[in-house]
Every structure is written in structure tokens, then in C-alpha cells.
Amino acid sequence: QGAASGSLEAAGGSANAASPSVAASPSAAASPSPAAEPSAAASPAPAEPAASAAPAMSPKPASPKEEKKPVPERKRKLPSGFVYVDEVIPTAQYEIRYFTDYNFVGARLDGYNAPYAILTKQAAEALKEAHDFLAPKGYGLKIFDAYRPAKAVRQFVAWSKDASDQRMKEEFYPEVDKAKAFKLGYISSRSGHSRGSTVDLTLFERKTGKEADMGSPFDFFGDISSHGTPEIGKAPAERRALLKRAMELAGFKPYSKEWWHYTLEKEPFPKKYFDFDIE
Ligand SMILES: C[C@@H](N)C(=O)N[C@H](C)C(=O)O
Ligand SMILES: [Zn+2]
């Protein structure tokens with residue numbers, strides 16, 4: 001799993017539009033180990049529990065059934081302090097995986113009633129800085145997850161306890177026992193995402209619109225997804241380092257176990273876990 005590939009040219013992944021998209025796409029990053037992100041994880045997470053990814057293989061297309069599902073109009077009124085990220089960064093790409101069934105659970109998550117990325121205003125504005133920093137380097141940001149309702153986290157917990165459901169194992173956690181996903185730090189039972197200032201993301205190449213090869217897919221549970229892994233090639237490692245630099249300059253901190261997961265250092269709600277639906 002997880003291609004350790006080659007050149008700095010972006011690879012793999014479908015190019016998703018600047019607006020929230022229902023279709024899933026593939027995704028495919030190493031720099032010195034970033035500091036662990038603290039977390040209120042219920043389980044003894046190693047470093048910081050914080051984020052996730054898709055396999056290096058080609059992305060599963062959305063099922064015909066899924067494509068027919070109507071996408072609801074977005075609710076304009078968000079809780080105070082939150083914004084729709086595409087209204088702040090219209091030129092980023094959005095592929096909200098937990099709104100689709102292309103994720104490690106294999107189903108749309110509770111509370112994801114629409115494919116939108118929502119963040120605190122501070123986090124969205126900081127993210128725009130990272131996106132703008134990357135532009136002259138030929139890259140942009142592609143968002144997989146942002147604010148995550150606490151009910152979705154509860155669904156992750158239930159999923160991890162259901163040993164009979166292994167439908168996405170091969171693609172997302174081939175060498176990990178799902179019952180240990182929390183303990184190993186790949187998922188947090190008190191996720192920073194529910195505080196509204198944490199984001200899961202990757203790079204896309206501006207020239208082609210394609211998702212960059214980061215050496216392992218988003219939400220791939222394994223050592224290869226850690227910062228500093230020796231298991232990936234030079235180019236993906238350089239891209240992970242570029243993304244990390246952009247995010248740190250913008251005020252985010254990385255999570256050692258997941259190259260795609262970042263939390264705003266000065267998050268406005270450091271102790272509050274929200275549960276409003278995404279709509
Ligand atoms: C599940 C994955 N995308 C993720 O976000 N993991 C971190 C540790 C979290 O759950 O906060
Ligand atoms: Zn995350």
C-alpha cells in the first residue's frame with residue numbers, strides 16, 4: 001500500500017473541482033517528525049490523535065446510487081464563529097470523504113448531510129494563507145475533512161468495535177487491527193476536528209488539477225503515513241515537507257502519525273466539542 005513514488009510531478013488522484021464534490025478521488029509526503037498534537041483522545045494515543053487518507057490505488061468512483069443523491073442546499077446560518085471554507089478559499093479543492101462511502105468505514109458518516117468543509121473563521125483564514133503560499137510553487141490545497149460532528153466520532157467508535165465489518169480493510173488498514181485504531185492514534189475519540197480548527201488535506205498540482213502523490217493515501221492507517229517515514233520516495237517526501245511548511249507558516253501544527261492532519265495552534269475553541277450537522 002502506499003506508493004513510494006517518484007518525481008515532483010503530481011501523480012494519481014482525480015482532480016476535483018473547486019467546489020465541494022461528492023466524488024471520491026485517490027490521493028497519494030516526509031520531513032522531520034513534527035511535534036505531536038495534544039488531544040483529548042480517550043485512548044492512549046501515541047503522539048496526537050488527529051487526522052486520516054485514501055489508498056494509493058485508484059479511487060473508487062462514487063456509486064451510481066450515490067451520484068443520484070441530491071446535495072442539499074447549504075444552510076447559510078452556521079454556529080457563531082464558523083464559516084464554509086469554500087467561501088473563504090474558492091480555489092481550493094474539496095472532496096469531503098466522510099460524506100461519501102469512500103472512506104475507511106465504507107459509509108457516509110453521521111452528521112455529514114452535505115459535502116461541505118466547515119471551520120472556525122480563524123482556521124479558514126489561516127488555511128487561505130497556506131493555500132496562497134503554495135500557489136507560486138505550483139500547488140493548491142485539497143480538503144478531505146474539516147469540522148467533524150461528534151456524532152461521526154461516535155460512529156467511528158462503534159465501527160472499531162464491529163469486527164464483523166472488514167469491508168474497507170484492504171484499502172485503508174491492511175496491517176492494522178481496527179479494534180486498535182484508536183489506541184494506535186489513527187482515530188481519536190475526542191477529535192480535534194470536532195473543535196472546528198483541525199483539517200485533513202493534501203496538495204493538488206495547479207497545472208493539471210490532479211492530486212499530488214504524497215507517498216501514502218489519505219486515511220491510510222500505517223507507519224508509512226507518519227512524518228519522517230523512510231518508506232516513501234524523495235518527491236513525495238518533499239511534498240509532505242512543503243505542505244508542512246505551508247501549514248506551519250500559517251499557524252497550524254502537524255500530527256506525527258498522519259501527514260494530512262493539521263490543527264490551528266491558536267484555536268478559538270480549544271476545549272469545546274461541537275456536534276452540529278454539516279448541511
Ligand atoms: C480518522 C482520521 N482522519 C483522523 O482524523 N484521525 C485523528 C487522530 C482524529 O480522529 O482526530
Ligand atoms: Zn484529521
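Residues numbered from 1 in each chain as written. Chains lettered and ligands numbered in written order. Predicted model: local features only at pLDDT ≥ 70, side-chain atom pairs only at ≥ 80, totals over all residues. Heavy atoms only, no water.

Participant: Could you give me a rundown of the overall build of the protein chain, with the residues and numbers involved?
Facilitator: Across its full length, the protein chain carries 6 helices and 7 strands. When the elements of the protein chain are put in sequence order from the N terminus, they spell out α-β-α-β-β-α-β-α-α-β-α-β-β. Out of the 279 residues belonging to the protein chain, those deemed buried represent 58%. Total accessible area computed for the protein chain in this model is approximately 10,900 Å², and 54% of it derives from carbon and sulfur atoms. (Helix = DSSP H or I, 4+ residues; strand = E, 2+ residues; numbered from the N terminus. Buried < 20%, exposed > 50% of the residue type's maximum accessible area, 1.4 Å probe, protein only. Areas by Shrake-Rupley, 256 points an atom, 1.4 Å probe, with all protein chains shown as cover.)

Participant: Can you explain the side chain of Asp 200? Please cite residues and give values.
Facilitator: Residue position: Asp 200 is located in strand β5 (residues 198-205). Residue Asp 200 is classed as buried on the basis of its relative accessible area, which comes to 0%. A polar contact of 3.0 Å, which involves the side chain of Asp 200, links it to the side chain of His 193. (Polar contact = N/O pair within 3.5 Å; in protein donor to acceptor, adjacent residues only side chain to side chain.)

Participant: For the packing of aromatic side chains, give the residues involved together with the corresponding values.
Facilitator: As enumerated under the stated definition, the model contains 21 aromatic pairs in all. Centroid distance Phe 82 to Phe 274: 4.8 Å. Interplanar angle 80°. Geometry classified as edge-to-face. Residue Phe 82 is located in strand β1 (residues 82-84), and its partner Phe 274 is located in the segment after β7 (258-264); the two are separated by 192 residues in the primary sequence. When the centroid spacing of 5.1 Å and the interplanar angle of 75° are considered together, the rings of Phe 82 and Phe 276 count as edge-to-face. Remark: Phe 276 occurs in the segment after β7 and Phe 82 occurs in strand β1; sequence separation between them is 194 residues. (Phe/Tyr/Trp six-rings, centres within 6.5 Å; stacked < 30°, edge-to-face > 60°.)

Participant: How would you summarise the pattern of salt bridges if you had to cite specific residues and measurements?
Facilitator: Here the structure, examined in full by the defined rule, presents 14 salt bridges. The shortest N-O distance in the salt bridge between Glu 211 and Lys 142 comes to 2.7 Å. Of this pair, Glu 211 sits in the loop between β5 and α6 (234-249) while Lys 142 sits in strand β4 (residues 139-145), placing them 69 residues apart in sequence. Among the residues examined, Lys 142 registers a relative accessible area of 0% and is labelled buried. Linked by salt bridges that have partners in common, Glu 95, Arg 97, Lys 142 and Glu 211 make up one network. (Salt bridge = Lys/Arg side-chain N within 4 Å of Asp/Glu carboxyl O.)

Participant: How would you explain the pairing of β7 if you had to name every residue and give the values?
Facilitator: Most of β7 is tucked away, with 7 of its 7 residues classed as buried. Sheet topology note: the β5/β7 ladder contains 3 bridges and is antiparallel. The residue bridging Asp 200 from the neighbouring strand is His 261, located in β7. Across 4 bridges, the pairing between strand β6 (residues 252-255) and β7 is antiparallel. Across the sheet, Phe 252 pairs through a bridge with Leu 264, a residue of β7. Here β6 folds back onto β7 in antiparallel fashion, the turn holding 2 residues. (Pairing = 2+ DSSP bridges.)

Limitation: the analysis is restricted to geometry and does not speak to function.
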